[in-house]
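Summary of the model geometry
Residue strings, one per chain:
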Amino acid sequence: MWNFIATYAPQLIMAGIKYTIPLALISFVIAMVIAAFVGVMRSYRPQVDGSKKILWRLFQSLLIFYVWIFRSTPMLVQLFVAFYGLPKLGISWLQPSAWTAAIWVLSLNTGAYASEAIRAAISSIPATQREAAQALGMTDSQTFGLIIVPQAARISIPTLANSFISLIKDTSLASVVTIVEMFYLSQQLAAANFEPLQMYLLVAAIYALFVTILSFPQRYIQRWADRFIK
Amino acid sequence: MLKLENVNKTYSEHQALKDINVTFNPKETTVIVGPSGSGKSTLLRSLNLLERPQTGLYTIDERTINFAEHIDTATTLWVRRKTGMVFQQPGMFNQLTILGNVIEAPIHVLKQKKDVAITEAHHLLEAVGIGETADRYPYQLSGGQTQRAAIARALAMHPSYLLLDEPTSALDPETEAQILRILKKMAEQNESMIIVTHNMDFARYAADRILFLEDGRIDFDGSPNDFFEHPNERIKKFLNAFKF
């Protein structure tokens, strides 16, 4: 058994370092930008009238549609659409490489879920604080940026950390668009050595190791963010 | 001077303010009393534009706002800077220290320099008796300390008028007395204040003027002496409700 681990673990870990971790980190950063934008925009209620109000509602409807479509379809299907489907449209910039397709699907999918976490966190901030900020003469954007968002960010840390953990594991789906990440490599190795049980248990253990190491900073970030609560 | 003329405010079926006509003078402490649901808070919040009456005129420092027309953002913010407000639930900003709470709006709204804002905030916190809490977070303060911090936060904006909406309703009697003593002291220093309260002792001893609201109307507007000796049966009944 130790011989098996010594033989295959280094290859799998290298595939993880080369593909799984960069895929997860890059996608997570993009997903957080998308989530913050969508979550904040969906919660923001500007005091506008007339045509601006109609435009704002249209914009919000687009955001709602984005969240709905990515949450209500499987990520595997989204990957197939992005990698195998979009090139059929014949539009040059819509012919992503395997890496681009995987990064965008992972980012947009995670972003959709995370935006809901951010939106929920924003709505959990007591209305009294918003009202107090308004009564002090703060604009909507000051109230939002200075008072609401910093507190919502703290509340959403555990949920966003969960999204990150899911994302690390979801990178295994990138194997279906020909990226030789950790899981894809384990499939190839299992096919060659006829030891699927040991091989998949080993790759599962390496995923668990990566998740444990990569989610380690969450504890410190949460402790820092929690400094102003009981 | 704050002046409301023919102001009406309706929430769906319920008319909260009915043809309100009142002027609040500078350097005067006005206490608004009345039964629950009489429109006291709605009247106060309308002065800060947290509520928008449907009709009527609102004059503040020679500038008149017509509630029936659209009120632009710049005007709203200007009115709010003129009328500082303290609520029953103070709405402290939990992610900021008490000092941070007091300096946030002066820095970002008044564009005050940070060191100036900090110096002034310390003075204000000392003035309301909680100077030692500057570096604490809101959760580390008692209810009374939190309410004092909210008063300091409102005063840091140098409002022309300070509006207080039942600032002591959520406090125990001892803490309530501490807060009311601070407000009484401010009244003696000729701060311009409009206070909604159920504390009749405070109304009697600190107010220059009392407004009694009933069912969205101002039924009495006069001095505390006149109010507490008023022959009107409804006012007598209201005041008797505080006696055992």
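Residues numbered from 1 in each chain as written. Chains lettered and ligands numbered in written order. Predicted model: local features only at pLDDT ≥ 70, side-chain atom pairs only at ≥ 80, totals over all residues. Heavy atoms only, no water.

**Considering helix H6 (residues 173-188) of chain B**
Residue and element names in this part refer to chain B.
- Its 16 residues place the ends of H6 22 Å apart at the C-alpha level, agreeing with the 22 Å of an ideal helix rising 1.5 Å per residue.
- Listing the buried residues of H6 in full gives Thr175, Glu176, Ile179, Leu180, Ile182, Leu183, Met186 and Ala187. Seen from one end, H6 has its buried residues packed into an arc of 150°, which puts them on one side. Projecting away from the buried face of H6 at angles above 90 degrees are the exposed residues Pro173, Glu174, Arg181 and Glu188.
- Of the surrounding elements, those touching the buried residues of H6 are strand E3 (29-33), helix H5 (143-155), strand E7 (161-165), strand E8 (193-196) and helix H7 (200-206).
- The N-cap residue of H6 is aspartate 172: its side-chain oxygen and the backbone nitrogen of glutamate 174 are 3.1 Å apart. (Helix = DSSP H or I, 4+ residues; strand = E, 2+ residues; numbered from the N terminus. Expected span 1.5 Å × (residues − 1). Buried < 20%, exposed > 50% of the residue type's maximum accessible area, 1.4 Å probe, protein only. Arc of directions from axis to C-beta. Contact = heavy atoms within 4.5 Å. Polar contact = N/O pair within 3.5 Å; in protein donor to acceptor, adjacent residues only side chain to side chain.)

**Details of the side chain of A:Thr143**
- Examined against the element boundaries, A:Thr143 turns out to sit in helix H6 (residues 140-170).
- In this structure, A:Thr143 is in contact with A:Arg130, A:Ala133, A:Gln134, A:Met138 and A:Ile148, ignoring residues within four places of it in sequence.

**Quick notes on the UniProt feature "domain: ABC transporter" (unreviewed entry) in chain B**
- UniProt marks residues 2-240 of chain B with the feature "domain: ABC transporter" (unreviewed entry), using the numbering shown here.
- When the span residues 2-240 of chain B is considered, its composition is 38% helix and 26% strand, and the gap between its end C-alpha atoms is 31 Å. (UniProt positions renumbered as here; feature names shortened; annotations may be inferred.)

**Here's the deal with unusual backbone geometry**
- The residue A:Phe194 is not glycine, and still its phi comes out positive at about 55°.
- The topology assignment puts A:Phe194 in the loop between helix H7 (182-193) and helix H8 (196-214).
- On the basis of relative accessible area, A:Phe194 is assigned to the exposed category, the value being 68%.
- Of note, B:Lys27 is a non-glycine position whose phi angle comes to about 60°, a positive value.

**Side note on the sheet that holds strand E2 (residues 14-24) of chain B**
Residues and elements named next belong to chain B.
- In space, the 4 strands of this open sheet follow the order E2-E1-E4-E5, with antiparallel pairing throughout. Sheet topology places E2 and strand E5 (63-66) at the edges, where each strand pairs with a single neighbour. Between one strand and the next, the sheet's axes are offset by a mean angle of 20°, whatever the strand orientation.
- With 7 bridges joining them, strand E1 (residues 2-11) and E2 adopt antiparallel strand pairing. The residue of E2 that forms the bridge with valine 7 is isoleucine 20.
- On top of the sheet, helix H1 (residues 40-47) reaches E1, E2 and strand E4 (55-60); it is set at about 60° to E2, its chief contact. (Pairing = 2+ DSSP bridges. Axes fitted to C-alpha atoms, helices over the stretch in contact; angles between N-to-C directions.)

**Observations regarding a nonpolar patch on the surface**
- Taken together, the side chains of A:Ile54, A:Leu55 and A:Leu58 present a nonpolar region at the surface, about 330 Å² in accessible area.
- Position of A:Leu55 among the secondary structure elements: in helix H2 (residues 50-71). (Patch = residues over 30% accessible without salt bridge, like charges linked within 9 Å, V, L, I, M, F, W, Y side chains within 5 Å. Areas by Shrake-Rupley, 256 points an atom, 1.4 Å probe, with all protein chains shown as cover. Salt bridge = Lys/Arg side-chain N within 4 Å of Asp/Glu carboxyl O.)

**Topic: the packing of helix H5 (residues 127-135) of chain A against H6(A)**
All names here are of chain A.
- For the pair H5 and H6, the least separation of the axes is 10 Å and the interaxial angle reads 145°. Considering the relative orientation of H5 and H6, their crossing is right-handed. On H6, the residues touching Gln129, Arg130, Ala133 and Gln134 of H5 are Asp140, Thr143, Phe144, Ile147, Ile148 and Gln151.
- When its residues are assigned to classes, the contact of H5 with H6 shows 4 nonpolar, 4 polar and 2 charged. (Left-handed = near helix turned anticlockwise from the far one by under 90°. Nonpolar A, V, L, I, M, F, W, Y, C, P; charged D, E, K, R; others polar.)

**Notes on the packing of H6(A) against H8(A)**
Residue and element names in this part refer to chain A.
- For the pair H6 and H8, interaxial distance at closest approach is 10 Å and the crossing angle is 150°. When the interaxial angle is binned, H6 and H8 end up roughly antiparallel. Taken as a pair, H6 and H8 cross one another with a handedness that is right-handed. Where H6 approaches H8, its residues Phe164, Ile165, Ile168 and Lys169 are matched on the opposing element by Tyr207, Val211 and Leu214.
- Looking at the contact of H6 with H8, its residues break down into 6 nonpolar, no polar and 1 charged. (Parallel < 35°, antiparallel > 145°, perpendicular 65-115°, else oblique.)

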